[in-house]
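Read off the chains here:
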Amino acid sequence: MSSDASKVELSLAIPCYNEEAVLDIFVARIREILDPLNLPYELVFVDDGSSDNTLEKLKGFRSNDRRIKILAFSRNFGKEPALSAALQHCTGNAIVPIDADLQEPPELIPEMLKLWREGYEVVTAQRSSRDSDSFTKRFTAQWFYRVFNMISSTRLPYDTGDYRLMDRKVVEAFKGISERNRFMKGIFAWLGFKQTSVTFKREERSAGNSKFGFKKLLGFAIRSIFAFSSQPLRFLSYMGVLFSVAAFSYASFLLIRTLAFGRDVPGYASLMVAILFMGGVQLIGLGVLGEYLGHIYDEVKRRPLFIIRESHGIETHLK
Ligand code: UDP
Ligand code: MG
């Protein structure tokens, strides 16, 4: 860390993917809120391979405000790698990941800072309601949290996102995680530390479109659950035992019946049902095993999480 960098008190980590439409309002609003606080801050933007003018816009901001720092990826890697990169390169004592679309009001930051100064290491922002989400999004989210909390030992709060303030210590701990599968909220919850929260109402996006469609979210949900729980594997073992016991009992029953009453030919329907059912169970089992195998494969390849093409105002030691 350079001596200049260590002076930064507050860092904002902002992943951006095709956000040219909101960046002007975002930066203006952040300045409006942070400038009066009179503390040295930096805005660390990560351009996640945008195909619009996001990067040019950011460079424009930086040309007259050196507190704006930029990393640009070689392509779109996704929000989690973008946020990870931003967190890895923040130098502040307090660090806040925030989306560029202003759905999470930056007005909360002064309050979060206050709580942080009182000694809390993590101040999460809790949404008071999910009214701005569609019915299907709320419904699926609810189920995701329910299943996740049922089978994982990491408790995931239903109403918090990535928006939070973290002490330097927490971010240093985060940097020690080499896992490639990054379900940020889960990782943050897993890290622990002394926490408190503030509440807010989630706004509509101020401009541009959401980058997460249903398919992307579903894939993300499945990966996240498998990353935080090995219960599905145990469930398979239970199923195996259950079916073995059932099969053994039925076999004994058949044997005794045959010995007592002689041979009994009919039974085609029950045979088919049993075969199809077992086939189905085995395929599900293979699917679950495959899911973990895929994760392991991803991890052992040890590819970098992201590739940086350009950096402005940030020292990068290429990973
Ligand atoms: N984002 C990103 N890379 C992606 C997708 C999204 O850096 O591949 C950023 C995006 O620019 C925004 C944040 O992640 O700052 C959250 O995205 P979005 O608002 O689309 O998600 P939603 O609020 O709909 O969940
Ligand atoms: Mg958003």
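Quick caveat, the model's predicted, so the values are computed rather than measured. (Residues numbered from 1 in each chain as written. Chains lettered and ligands numbered in written order. Predicted model: local features only at pLDDT ≥ 70, side-chain atom pairs only at ≥ 80, totals over all residues. Heavy atoms only, no water.)

1. Some remarks on the overall build of the protein
Right, on to step 1. The helix and strand inventory of the protein stands at ten helices and eight strands.
Right, on to step 2. For 319 residues, the compact-globule estimate of 2.2 N^0.38 gives 20 Å, and the C-alpha radius of gyration of the protein, at 25 Å, exceeds that figure by more than 25%.
Right, on to step 3. Taken over the C-alpha atoms alone, the protein extends approximately 95 × 35 × 35 Å along its principal axes.
Right, on to step 4. Looking at the protein residue by residue over its 319 residues, the buried ones come to 42%.
Right, on to step 5. Within the protein, residue pairs in contact and separated by at least 24 positions form 82% of the contacts whose partners lie at least 6 positions apart.
Right, on to step 6. Of the roughly 17,300 Å² of accessible surface on the protein, a fraction of 60% belongs to carbon and sulfur atoms. (Helix = DSSP H or I, 4+ residues; strand = E, 2+ residues; numbered from the N terminus. Rg over C-alpha atoms; globule rule 2.2 N^0.38 Å. Buried < 20%, exposed > 50% of the residue type's maximum accessible area, 1.4 Å probe, protein only. Contact = heavy atoms within 4.5 Å. Areas by Shrake-Rupley, 256 points an atom, 1.4 Å probe, with all protein chains shown as cover.)

2. Concerning the pairing of strand β3 (residues 68-73)
Right, on to step 1. For β3, the tally of buried residues reaches six of six residues, placing the bulk of the element in the interior.
Right, on to step 2. Burial of β3 is two-sided: the residues I68, I70 and A72 facing one way and the residues K69, L71 and F73 facing the other way are all buried.
Right, on to step 3. For the segment spanning strand β2 (residues 41-47), helix α2 (residues 54-64) and β3, crossover handedness is right-handed.
Right, on to step 4. Both β3 and strand β8 (residues 308-312) contribute to a ladder of four bridges, which runs antiparallel. (Right-handed = clockwise from strand over helix to strand, strands pointing away. Pairing = 2+ DSSP bridges.)

3. Topic: the site of ligand 1
Right, on to step 1. Near ligand 1 you find 20 residues, and of these E19, D48, D101, S210 and K211 are the closest.
Right, on to step 2. Contact between ligand 1 and K79: a nitrogen atom at 3.5 Å from a main-chain N or O atom of the residue.
Right, on to step 3. In the environment of ligand 1, an oxygen atom lies 3.0 Å from a nitrogen or oxygen atom belonging to the backbone of A100.
Right, on to step 4. With the chains in place, 94% of the 530 Å² that ligand 1 exposes on its own is no longer accessible.
Right, on to step 5. When contributions to the shell around ligand 1 are tallied by element, the ones reaching two or more residues are β1 (10-16) and α3 (79-89).
Right, on to step 6. In the shell around ligand 1, the residues fall into six nonpolar, four polar and ten charged. (Near = heavy atom within 4 Å. Polar contact = N/O pair within 3.5 Å; in protein donor to acceptor, adjacent residues only side chain to side chain. Nonpolar A, V, L, I, M, F, W, Y, C, P; charged D, E, K, R; others polar.)

4. What to know about helix α10 (residues 268-301)
Right, on to step 1. For α10, spanning 34 residues, the distance from its first C-alpha to its last is 48 Å, which sits close to the expected 50 Å at 1.5 Å a residue.
Right, on to step 2. Of the residues making up α10, those classed as buried are V281, G285, V288, Y292 and H295.
Right, on to step 3. On its buried face, α10 sits against α8 (214-228) and α9 (231-261).
Right, on to step 4. Where α10 ends, the next residue or the one after it, R302, has phi of about 50 degrees, a positive value. (Expected span 1.5 Å × (residues − 1).)

5. Focus on the side chain of D99
Right, on to step 1. Along the chain, the position of D99 falls in the loop between β4 (94-97) and α4 (109-117).
Right, on to step 2. In terms of polar contacts, D99 uses its side chain to reach the side chain of K79, at 2.9 Å.
Right, on to step 3. In this structure, D99 is in contact with I14, F26, K79, E104 and R202, ignoring residues within four places of it in sequence.

6. Observations regarding a nonpolar patch on the surface
Right, on to step 1. On the surface, F135, F139 and W143 cluster together into a nonpolar patch covering about 370 Å² of accessible area.
Right, on to step 2. As for its placement among the helices and strands, F139 is situated in helix α5 (residues 135-151).
Right, on to step 3. Judged by its relative accessible area of 43%, F139 is partly exposed. (Patch = residues over 30% accessible without salt bridge, like charges linked within 9 Å, V, L, I, M, F, W, Y side chains within 5 Å. Salt bridge = Lys/Arg side-chain N within 4 Å of Asp/Glu carboxyl O.)

7. Focus on unusual backbone geometry
Right, on to step 1. The backbone phi angle of N38 is positive, close to 55 degrees, even though this residue is not glycine.
Right, on to step 2. Considering the arrangement of structural elements, one finds N38 in the loop between α1 (20-34) and β2.
Right, on to step 3. Under the relative-accessibility criterion, N38 is labelled exposed at 71%.
Right, on to step 4. Even without being glycine, R302 reaches a positive phi, approximately 50 degrees.
Right, on to step 5. Relative to the helices and strands, R302 resides in the loop between α10 and β8.

8. Remarks on the coordination of the magnesium ion (ligand 2)
Right, on to step 1. Binding of the magnesium ion (ligand 2) to the protein goes through D101 (OD) and Q103 (OE1), at separations of 1.9 Å. Note on accessibility: D101 and Q103 belong to one class, buried. (Donors = N, O, S within 2.8 Å, 3.2 Å for Na, K, Ca; no water.)

9. A few points about the packing of α5 against α8
Right, on to step 1. Here α5 crosses α8 at 10 degrees, and the two axes come no closer than 10 Å. Classed by the angle they form, the pair α5 and α8 counts as roughly parallel. Contact residues: α5 offers K137, T140, F144, V147, F148 and I151, while α8 offers F214, L217, A221, S224, I225 and F228.
Right, on to step 2. Its residues assigned to classes, the contact of α5 with α8 shows nine nonpolar, two polar and one charged. (Axes fitted to C-alpha atoms, helices over the stretch in contact; angles between N-to-C directions. Parallel < 35°, antiparallel > 145°, perpendicular 65-115°, else oblique.)

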